[in-house]
Amino acid sequence: MATFLYKLGRLAFRRRHFVALIWVALLTLAGVGAASAPAAGTTSFSIPGTEAQKAFDLLEQRFPGMSADGATARVVFKAPDGQKMTDAGNKATVEDTVKELSDGSEVASVADPYTAQAVSKDGTVAYASVKYDVSGMELQDSSRDALEDVAQDARDAGLTVEIGGDALQTVPHTGATEIIGIGVAAVVLVITFGSLIAAGLPLLTALIGVGIGISTITALASTLELGSTTSTLAMMIGLAVGIDYALFIVSRYRAELAEGREREEAAGRAVGTAGSAVVFAGLTVVIALVGLSVVNIPMLTKMGIAAAGTVVIAVLIALTMIPALLGYAGKKVQPAGKKSRWLGGKRAAKKAASGSEAGRPAKPNLGTRWASFVVRRPIAILLLGVVGLGAAAIPATSLELGLGDDGSQPTSTTQRRAYDLLSDGFGPGFNGPLMVVVDAQGSGDPDAAFKQVGDDIKGIKNVVAVTPATPNKAGDTATITVIPDAKPSSVTTEDLVHAIRDKGAEVKADTDATVLVTGSTAMNIDVSEKLNDALLPYLALVVGLAFLLLIVVFRSILVPLKAALGFLLSVMAALGAVVAVFQWGWFAGLLGVEETGPVMSMMPIFMVGVVFGLAMDYEVFLVTRMREAYVHGEKPSQAVVTGFKYGARVVSAAAVIMMAVFAGFIGSSESMVKMIGFGLAIAVFFDAFVVRMAIVPAVLALLGKKAWWLPKWLDRALPNVDVEGEGLRTDAEAKGSEDPDEDRALVRA
């Protein structure tokens, strides 16, 4: 592989005009596609195989025209102090509001509170249910504006009016912190390279890659039903890996220049060595993201595949466009150790010319000093790292999972205020009604089956109210609404859903009617259980495939095993931090978390996938340098120090950049994006600076030569991918290089 990538790097350097033209053309094509594509339509949230989804599909068949996936709104009214909603003036205001709401072009139906028995027992709160023909994301702005205008008219009449439901759902924004994250990345790159030009290359290529990826997603959003979160995740991952992959190749290029290579040769060597690590690091991320499809939740699958696509683009750009841009930059990109004249290079040159540095031994860099310290005290460092991550993981033992509803919205939103008004007027369970669907098509007496189901549910604990069955025109299917006595995200409501389903088995035996429980609350419960059940199989699949891949890369059993165990430590510590902030409320105000509650159900499995892929990035980049030194004759402990000498600074810079990019999404208005941004940022911190920078060198120092042990039969069976670039030296000799010592230096570098 190294030889192929070496040739690719040299070709891209020589044919830079052609390479740049290709990528600019792709960016233009994707941009035109995004601009001309129709607006994204509905993003159906289907969960194949769950009971809630089966019931939803049955409703679509048996109740045609019901618009089961249409947007809903609850306009909640509260009377002024001392008054009731049944007072003549207040009642007239509500009736006028209902009439105005009914005139909307996209409104399917509006339920009058006084005919639908939607007035609280104390008479202070009432609500009107609005049903739309289209989903919340398809709803026109004019319909949202009309809804808010009607509510404002009722407020002007003296009532307190709030709006709940998904009709006001809008595309989330990320906020200014995303730009700050990119700014931090730029500063880190300048400090790392000591050159504005060299620092600008990774940023430029990452932005081009993300531009192509996001534009492609936008162009396909309507066709593939891709939600706004899909493009946000792709941007998050694409920016982070795009900058990092380019950073490693530019850094290696500068190191090759410092060895005295010609620029074209240095570009080829950089792509052949660091590029090999980029390919395998990218493969681990792609495996982790595409592996999300095993959960069988279409939305999660689409998110993973879209993000994996941006990673593939980032790898291809790093391998081709970076050497092309290095060709354009020419002498403006200095060898390693040299800075541009604007960043202190002129001052350093004067010192060298004056001879003030002559005769002094070169001072070891920070990476060398740190690795030497760890190698001398491996047991203490190992224990400190493991205990520290274990302590950070403690909050994960109280992890509570759930999906957000209006109750998890900030108190400043009208959705949350509507939620609270309904809870006060009707009880907390009123915000999460359960819809029971009775399929009596195979029953001899459907009406009797409907009645039995309603009576059985009334006898279940924690049920506040059960509405009479509402059959369809054919009379073979009916819906029953059940109001729990607890809030939607509570364990009590979850137990109630299971209790109703257990009763359904008895009804099936007695009447041959099938009972299904659905609704947003039941759907959330089913999603949580499906994700929990899929976590271990997913973990086994992703870690197993990546383990095999790393065996090929490192030609070792213990190094990949150590990498996987280290990942488990970092991901558990990151989950503990997420629980502490978003569930317990630690530092919530500092991070803009206005409302604490259960952690999103998909967070654990999502973090496992993404963090594993990113963790393997640092493992590959850092440990390949160690193996490169080891296979060229260095002792195991010295190979660890050499790996840190060349890789620690760059890996640290890459980690800080990735943390800055992820942290930039904490400013999002979408709680899911905010949580993902924080979780990934803290996970990168734990993995890069605790696991890879401390635990990994400590373990390798303790293992010694055993770390690189591989059974002979397996060594013969595995393909030789040549990540270390050994084939490059042989290639150069075959060409009749004039300076064999120079070639050995290249491999050593």
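Refer to the preceding data block for the structure.
Since the model is a prediction, treat every value here as computed from it, not as a measurement.

Draft legend 1. Just the packing of helix 9 (residues 263–290) against helix 10 (residues 298–329), in detail. Direction vectors running N to C along helix 9 and helix 10 enclose 180°, while the axes themselves pass 9 Å from each other. Here helix 9 lies roughly antiparallel to helix 10, going by the angle between them. Residues A267, V271, G275, V278, V279, G282, V285, V286, L289 and V290 of helix 9 lie in contact with helix 10, whose contacting residues are G304, A307, A308, V311, V312, V315, A318, L319 and P323. Broken down by class, the residue content of the contact of helix 9 with helix 10 amounts to 16 nonpolar, three polar and no charged.

Draft legend 2. Inspection of helix 18 (residues 558–583) at higher detail. Over its 26 residues, helix 18 runs 37 Å from end to end, which matches the ideal 38 Å to within 8%, given 1.5 Å per residue. Burial analysis of helix 18 places 20 of its 26 residues in the buried class, the great majority of the element. Where helix 18 terminates, the next one or two residues include G585, which has phi positive at roughly 95°.

Draft legend 3. Up close: the packing of aromatic side chains. Throughout the structure, instances matching the rule amount to nine aromatic pairs. Seen in terms of ring centroids, Y127 and F430 are 5.2 Å apart; in terms of plane orientation they differ by 65°. Their pairing is edge-to-face. You can see Y127 sitting in strand 3 (residues 125–132) and its partner F430 sitting in the loop between helix 14 (414–426) and strand 6 (434–439), a full 303 residues away along the chain. Three or more aromatic residues link up through ring pairs in this structure, and these residues are Y127, F426 and F430. Stacked on the ring of F13, the Lys or Arg R16 has its end atom at 5.4 Å from the ring centre. A cation over a ring is seen here: R16 above Y328, with NZ or CZ 6.0 Å from the ring centre.

Draft legend 4. The arrangement of a negative patch on the surface in detail. Together, E95, D96, E100, D103, D145, E148, D149, D153 and D156 give the surface a local cluster of negative charge. Elements represented by at least two residues in the negative patch include exactly helix 4 (88–102) and helix 5 (141–156). Sorting elements by how many residues they give to the negative patch places helix 5 first, with five residues. With respect to the secondary-structure elements, D149 resides in helix 5. Note on D149: relative accessible area 48%, which makes it partly exposed.

Each value, and the rule that gives it
Residues numbered from 1 in each chain as written. Predicted model: local features only at pLDDT ≥ 70, side-chain atom pairs only at ≥ 80, totals over all residues. Heavy atoms only, no water. Axes fitted to C-alpha atoms, helices over the stretch in contact; angles between N-to-C directions. Helix = DSSP H or I, 4+ residues; strand = E, 2+ residues; numbered from the N terminus. Parallel < 35°, antiparallel > 145°, perpendicular 65-115°, else oblique. Contact = heavy atoms within 4.5 Å. Nonpolar A, V, L, I, M, F, W, Y, C, P; charged D, E, K, R; others polar. Expected span 1.5 Å × (residues − 1). Buried < 20%, exposed > 50% of the residue type's maximum accessible area, 1.4 Å probe, protein only. Phe/Tyr/Trp six-rings, centres within 6.5 Å; stacked < 30°, edge-to-face > 60°. Lys NZ or Arg CZ within 6 Å of the ring centre and 35° of its normal. Patch = residues over 30% accessible without salt bridge, like charges linked within 9 Å, V, L, I, M, F, W, Y side chains within 5 Å. Areas by Shrake-Rupley, 256 points an atom, 1.4 Å probe, with all protein chains shown as cover. Salt bridge = Lys/Arg side-chain N within 4 Å of Asp/Glu carboxyl O. Lys, Arg positive; Asp, Glu negative; His and termini not counted. Charge placed at Lys NZ, Arg CZ, Asp CG, Glu CD.

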